[in-house]
Amino acid sequence: MVIGDVREEPLEGGECTAQLIARRGGDALFMRTDVATWRDIDALISAAVDRHGRLDVMVNNAATASGTGLLDTTPSSGKRSWASTSPACSMAASELRNRWSRRSRAPKCAAGSSIWGRRWGSSTRRTIPLRCQQGGRHLSDTADRGDYAPQLIVCNCISPGKIVIERPNFPPDPELENARWRTPWPRLGRPQDIANAAVFLASDRATYMTGSNLVVDGAG
Ligand SMILES: NC(=O)c1ccc[n+]([C@@H]2O[C@H](COP(=O)([O-])OP(=O)(O)OC[C@H]3O[C@@H](n4cnc5c(N)ncnc54)[C@H](O)[C@@H]3O)[C@@H](O)[C@H]2O)c1
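Not measured: the values here are computed from a predicted model.

A. Main features of the overall build of the protein. The secondary structure content of the protein amounts to 7 helices and 6 strands. When the elements of the protein are put in sequence order from the N terminus, they spell out β-α-β-α-β-α-α-β-α-β-α-α-β. When burial is assessed residue by residue, the protein has 40% of its 220 residues classed as buried. Considering only contacts within the protein whose residues lie at least 6 apart along the sequence, 74% involve residues at least 24 apart. Just so you have it, the protein exposes about 12800 Å², and 55% of that area is on carbon and sulfur atoms.

Dropping the structure here:
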């Protein structure tokens with residue numbers, strides 16, 4: 001496994017992911033990567049192919065939210081958050097196609113979107129940039145599918161509802177209360193819920209399925 005991120009230490013603290021995988025007997029390499037740049041994506045995919053000889057699955061989950069309402073979003077914060085999502089997914093899928101067009105086993109590509117990319121609902125104006133960003137991610141995935149299906153490269157999307165991530169050094173998440181109120185499932189989401197969906201999309205059980213948006217949100 002090759003992990004790309006702008007930072008190696010998890011935002012929630014604790015052990016780095018590559019070390020955790022290695023401690024459990026896996027093989028993982030961390031590469032500092034900014035998915036807003038093609039050069040970094042190219043280097044990341046090259047490292048995976050050099051190390052393992054092929055590429056089976058790619059998960060595009062990195063994101064930077066501007067954290068502001070539409071009217072308060074500056075050109076640089078908007079550009080940064082947009083560049084880390086939809087174009088990154090398209091660039092990554094395009095890199096895959098360029099390298100994989102004549103191989104026997106085609107890779108699978110999963111992107112992390114959000115339920116906010118699909119629905120409007122009652123939430124605040126503050127989430128408009130996030131909705132545009134995540135909707136764009138799903139749209140780019142849907143558009144990619146027609147381009148890449150002939151090479152058997154599948155591009156699917158996961159749209160989580162609220163996923164609770166413990167971050168001891170961060171202020172309380174202001175969205176938690178609203179998420180509890182709107183989610184009928186007796187608990188909010190956990191990272192493992194999203195991992196389960198990603199493992200399914202990466203597995204050989206996900207057949208003839210591309211451009212879909214798997215919603216994992218406890219009906220919230
Ligand atoms: N956590 C939730 O409740 C939730 C709900 C719905 C959707 N999502 C979506 O799931 C995805 C992941 O969310 P998360 O909560 O795990 O976010 P997170 O902030 O915990 O993790 C995002 C990771 O992306 C990295 N990153 C940011 N910009 C990058 C860049 N340009 N290049 C490389 N790495 C970069 C960050 O360093 C971080 O490690 C996002 O698209 C988010 O919008 C999350």
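Having seen it, we continue.
B. Examining the site of the ligand more closely. Near the ligand lie 24 residues; those nearest to it are Asp5, Thr64, Gln134, Ile163 and Arg167. Measuring from a nitrogen atom of the ligand, one finds a backbone N or O atom of Val6 at 3.4 Å. Separating an oxygen atom of the ligand from a backbone N or O atom of Ile163 is a distance of 2.8 Å. For the ligand, the accessible surface in isolation is 830 Å², of which the surrounding protein chains cover 80%. In terms of residue class, the shell around the ligand is made up of 8 nonpolar, 9 polar and 7 charged.

C. Expanded view of the sheet that holds strand S6 (residues 213-216). Spatial ordering of the open sheet is given by S3-S4-S5-S6, a layout of 4 strands whose pairing is parallel. Of all the strands in the sheet, the pair left with one neighbour each is strand S3 (57-60) and S6. The sheet shows a mean angle of 20 degrees between the axes of neighbouring strands, direction not considered. Each of S3, strand S4 (108-112), strand S5 (154-160) and S6 touches helix H7 (residues 191-202); the most contacted strand, S5, lies at about 165 degrees to it.

Rules and cut-offs
- Residues numbered from 1 in each chain as written.
- Predicted model: local features only at pLDDT ≥ 70, side-chain atom pairs only at ≥ 80, totals over all residues.
- Heavy atoms only, no water.
- Helix = DSSP H or I, 4+ residues; strand = E, 2+ residues; numbered from the N terminus.
- Buried < 20%, exposed > 50% of the residue type's maximum accessible area, 1.4 Å probe, protein only.
- Contact = heavy atoms within 4.5 Å.
- Areas by Shrake-Rupley, 256 points an atom, 1.4 Å probe, with all protein chains shown as cover.
- Near = heavy atom within 4 Å.
- Polar contact = N/O pair within 3.5 Å; in protein donor to acceptor, adjacent residues only side chain to side chain.
- Nonpolar A, V, L, I, M, F, W, Y, C, P; charged D, E, K, R; others polar.
- Pairing = 2+ DSSP bridges.
- Axes fitted to C-alpha atoms, helices over the stretch in contact; angles between N-to-C directions.

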